[in-house]
Amino acid sequence: MASLSGLCSSFPSLKPNNKIGAELSSFRKDSLAVSSRSNSSFKHSVAREVSADLSKTNDVAGLKKAKQGGLEKDPKALWRRYVDWLYQHKELGLYLDVSRIGFSDEFVSEMEPRFQAAFKAMQELERGAVANPDEGRMVGHYWLRNAKLAPNPFLQVQIDKTLAAICDFADSVISGKIKPPSSREGRFTQILSVGIGGSALGPQFVAEALAPDNPPLKIRFIDNTDPAGIDHQIAQLGPELASTLVIVISKSGGTPETRNGLLEVQKAFREAGLDFAKQGVAITQENSLLDNTARIEGWVARFPMFDWVGGRTSEMSAVGLLPAALQGVDIREMLVGASMMDEATRSTVLRKNPAALLALCWYWATDGIGSKDMVVLPYKDSLLLFSRYLQQLVMESLGKEFDLDGNRVNQGISVYGNKGSTDQHAYIQQLREGVHNFFVTFIEVLRDRPPGHDWELEPGVTCGDYLFGMLQGTRSALYANNRESITVTVQEVTPRSVGALIALYERAVGIYASLVNINAYHQPGVEAGKKAAGEVLALQKRVLAVLNEASCEDPAESLTLQEIADRCHAPDDIEMIYKIIEHMAANDRALIAEGDCGSPYSLKVFLGECNVDELYA
Ligand SMILES: O=P(O)(O)OC[C@H]1O[C@H](O)[C@H](O)[C@@H](O)[C@@H]1O
């Protein structure tokens, strides 16, 4: 049997390929230690030289570098900068501190026209322009929290009706009016959410952030096609499968991982003698494969996903709202928070627009080419999944090969992070002292615990004071070593503040995309991987057919990898054929591989028996 040694996978990191940006990055490194105030003449003389080089390219990122002299270190001046730039949303109790990003006033002025263009593009998008030209789609996630903004009455009614249906359905499930046919509890107690990407990350983030300790329904997720992962989720449900509401979420309704998850769950239902249709809910576009399946099989309910809402901006559609409502989260409050933030981020005054301020910082920190990674550090356990959520929102939106004019730009900003202070004991060492390829976004939550629960674990100091101290200390220590950071502060983690955070970042991504002139709303790169995966599965079928044919001719015949590749008419795919055989052999499939997987030339492969039906299929 084949051995399974040496399996590994890798995740390529995004690298800027803009030569000017790279040169400027090294310029910046040299200049970073210089104080902007004490060395202004030095700064300006360097600035003139670099500006001259850059005038040909008209590159704002370059101009910004040219004008940079280093981070402000004088405490009084830094405090003034803090106060000058502090953004506050009074009603939301949200603050944005950009003082630890070193942009200069000149840079802000240089960027102003680009921001005005971005604001205009955003206004047009909100009015229903086809802001996703490649896919010919409108981009309407902002309408979800204020249906009156939708460009026509039909869409307004669709949004309002769907929201009402979500609330009604959630109430009926929680109250037991809608119940599973054969459970002892007489009501649904669990949700199993099946979906991937934008059809999972928002619901996962919100469940972690907002679900109460004892929700009316607990939620679990199947967000992959990993059979062991799926088995684990189903096993954990145990007899409660009978009282599990399965919500299958897929905008397209045809994503293979989600389809596989559904088929696996349906098999588990059959084996438990349960009727899946009585416990299944679909969230998908009308008339998709999933929608048709749910309709034909008579599932409990179907909720629409709209063509004009992208997966990664779908948290405020049925995708995010239905699971949240079923967990007892106040979804109308989430919508209020998002709507209030939308209002604030419509401002065309940069300083008064927190999303624009974020985009400004991102542009400054990454040279407008993604030269630095965004490390997101919420100091609150319940916000753990925010960075994972943002990873898709930012990287799938901004990570683009071409700009809107067809120039190859390889844009993007890499996002990672978990939570503070936990990460302080993992990788903050490198952030403080190692390779300088990031900027940090701290998410601060002022309220440590609900009122009345706090206590001092040493005189004058609570557990939450330590968390606060760790955040402030890390921010200061990083800045002292010229590592830039943004701080977003909220009072508490509530449906309102979470809605506002989501809306803030959605808008920041949209504005930043305009600044760098890319389409933030498509994902052409994802298709390549999906297509290649389909080709691998097609090749696997050919390999099996070849082996079957050989075994039908002579059951004792075994083939080398080269022979299989030749008979598949795929000599160039020999490595993939090797991987297919290695994988099948490791999973006790019909195929037998003799030899050593570590020495592919030694392998001889044959099928246990001839399948005549398949031979003539
Ligand atoms: O919701 P679905 O159609 O199943 O899509 C799920 C995910 O699939 C793709 O990989 C896209 O790149 C994601 O943006 C999307 O969220």
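Residues numbered from 1 in each chain as written. Predicted model: local features only at pLDDT ≥ 70, side-chain atom pairs only at ≥ 80, totals over all residues. Heavy atoms only, no water.

Enquirer: Help me understand the nonpolar core in this model?
Expert: The tendency in soluble globular proteins is for nonpolar side chains to be buried side by side. Phe-103, Phe-115, Phe-205, Trp-362 and Tyr-505 are the most contacted members of the largest nonpolar core, which has 116 residues in total. Of all the elements, helix α17 (residues 495-515) adds the most residues to this core, at 13 residues. Lining this core are residues from two domains, each supplying at least three of them: domain 1 (75-134 + 334-522) and domain 2 (143-329). The contact partners of Phe-115, leaving out residues within four places of it in the chain, are Leu-350, Ala-356, Ala-359, Leu-360, Ile-511 and Leu-515. Of all hydrophobic cores here, the second largest spans 23 residues; its members include Val-546, Ala-550, Ala-570 and Ala-585. (Core = buried A, V, L, I, M, F, W, Y, C linked by side-chain atoms within 4.5 Å. Buried < 20%, exposed > 50% of the residue type's maximum accessible area, 1.4 Å probe, protein only. Helix = DSSP H or I, 4+ residues; strand = E, 2+ residues; numbered from the N terminus. Domains from an automatic or database assignment. Contact = heavy atoms within 4.5 Å.)

Enquirer: Would you explain the packing of helix α14 (residues 386-398) against α17 in this entry?
Expert: A pair of packed helices is characterised by two quantities: the angle between their axes and the separation of those axes. Interaxial distance between α14 and α17 falls to 10 Å at its minimum, and their mutual angle equals 20°. Here α14 lies roughly parallel to α17, going by the angle between them. α17 is crossed by α14, and the crossing has right-handed handedness. Between α14, through Phe-386, Tyr-389, Leu-390, Leu-393, Val-394, Ser-397 and Leu-398, and α17, the contact on the second element is made entirely by Leu-501, Ile-502, Tyr-505, Glu-506, Val-509, Tyr-512 and Ala-513. Its residues placed into classes, the contact of α14 with α17 shows 12 nonpolar, 1 polar and 1 charged. (Axes fitted to C-alpha atoms, helices over the stretch in contact; angles between N-to-C directions. Parallel < 35°, antiparallel > 145°, perpendicular 65-115°, else oblique. Left-handed = near helix turned anticlockwise from the far one by under 90°. Nonpolar A, V, L, I, M, F, W, Y, C, P; charged D, E, K, R; others polar.)

Enquirer: Teacher, can you tell me more about the environment of Arg-567 here?
Expert: Structurally, the position occupied by Arg-567 is in helix α19 (residues 561-567). Once the C-alpha coordinates of Arg-567 and Arg-542 are considered, the two residues, 25 residues apart in sequence, prove to be 9.1 Å apart. Reaching out from Arg-567, the side chain makes a polar contact with the side chain of Glu-557 at a distance of 3.3 Å. (Polar contact = N/O pair within 3.5 Å; in protein donor to acceptor, adjacent residues only side chain to side chain.)

Enquirer: Any chance you could explain the pairing of strand β2 (residues 94-97) here in plain terms?
Expert: Regular strands have side chains that alternate between both faces of the sheet. Where strand β1 (residues 87-89) meets β2, 3 bridges bridge the pair, whose relative direction is antiparallel. Pairing of Tyr-87 across the sheet is with Leu-96, part of β2. Examined bridge by bridge, β2 and strand β13 (residues 485-490) share 3 bridges and lie antiparallel to one another. By the bridge assignment for β13, Leu-96 is matched with Val-488. (Pairing = 2+ DSSP bridges.)

Enquirer: Which parts of the structure should I look at to understand the site of the ligand?
Expert: Among the 14 residues in the neighbourhood of the ligand, the closest are listed as Ser-199, Ser-250, Ser-252, Thr-255 and Glu-396. The separation between an oxygen atom of the ligand and a polar side-chain atom of Ser-252 is 2.7 Å. For the shell around the ligand, the elements supplying multiple residues, two or more each, are α14 and α18 (524-553). Residue classes in the shell around the ligand are distributed as 2 nonpolar, 8 polar and 4 charged. (Near = heavy atom within 4 Å.)

Enquirer: Before we go on, may I ask you to explain the packing of aromatic side chains in this structure?
Expert: Geometry of an aromatic ring pair is reported as the spacing of the ring centres plus the angle between the planes. Under the counting rule described, the total for this entry stands at 19 aromatic pairs. Residues Phe-169 and Phe-303 carry aromatic rings whose centres are separated by 5.4 Å and whose planes lie at 70° to one another, so their mutual orientation is edge-to-face. Here the residue Phe-169 occupies a position in helix α6 (residues 153-175), and Phe-303 occupies one in strand β7 (residues 301-304), the gap between them amounting to 134 residues. By the burial criterion, Phe-169 is buried, and Phe-303 matches it. Consider the rings of Phe-386 and Tyr-389, whose centres lie 6.4 Å apart with planes at 15°: the pair is stacked. With Phe-386 and Tyr-389 both in helix α14 and 3 residues apart, the pair spans about one turn of that helix. (Phe/Tyr/Trp six-rings, centres within 6.5 Å; stacked < 30°, edge-to-face > 60°.)

Enquirer: Just checking my understanding: could you explain the sheet that holds strand β4 (residues 218-222) for this structure?
Expert: Picture the strands of a sheet paired through backbone hydrogen bonds; they go either parallel or antiparallel. Ordered in space as β4-β3-β5-β6-β7, the 5 strands form an open sheet in which the pairing is parallel. Edge positions in the sheet fall to β4 and β7, since each has one partner strand and no second. Pairs of neighbouring strands in the sheet enclose a mean axial angle of 20°, with direction left out of account. Note: strand β6 (residues 280-284) against β7, 4 bridges, orientation parallel. For Ile-283, the partnering residue across the bridge sits in β7 and is Phe-303. Strands β5 (244-250), β6 and β7 of the sheet are contacted by α6, whose axis makes an angle of about 150° with β7. Here helix α11 (residues 318-326) sits on the sheet and contacts β3 (190-194), β4, β5, β6 and β7; the angle it forms with β5, its principal contact strand, is near 165°.

Enquirer: Can you walk me through helix α16 (residues 463-480) in this structure?
Expert: An α-helical turn contains 3.6 residues, so any two residues separated by three or four positions project in the same direction. Taking 1.5 Å as the rise per residue, α16 with 18 residues should run 26 Å; its terminal C-alpha atoms sit 26 Å apart, in good agreement. Restricting attention to buried positions, one finds in α16 the residues Gly-464, Leu-471, Thr-474, Arg-475, Leu-478 and Tyr-479. The buried residues of α16 occupy an angular sector of 130° when the element is viewed end-on, so they sit on one face. With its phi angle positive at about 65°, Asn-482 sits one or two positions after the end of α16. (Expected span 1.5 Å × (residues − 1). Arc of directions from axis to C-beta.)

Enquirer: I tried to follow a nonpolar patch on the surface on my own but got confused; where do I start?
Expert: Judged by side-chain polarity, Trp-455, Leu-457 and Tyr-466 come together as a nonpolar surface patch covering roughly 330 Å² of accessible area. Positionally, Tyr-466 belongs in helix α16. (Patch = residues over 30% accessible without salt bridge, like charges linked within 9 Å, V, L, I, M, F, W, Y side chains within 5 Å. Areas by Shrake-Rupley, 256 points an atom, 1.4 Å probe, with all protein chains shown as cover. Salt bridge = Lys/Arg side-chain N within 4 Å of Asp/Glu carboxyl O.)

Enquirer: Just to check I follow, could you spell out the sheet that holds β13 for this structure?
Expert: In space, the 6 strands of this open sheet follow the order β1-β2-β13-β10-β8-β9, with mixed pairing throughout. The open sheet is flanked by β1 and β9 (415-416), the only strands paired with a single partner. Bridge count for strand β10 (residues 438-445) against β13 is 6 bridges, and the pairing is parallel. The residue bridging Phe-442 from the neighbouring strand is Thr-487, located in β13.

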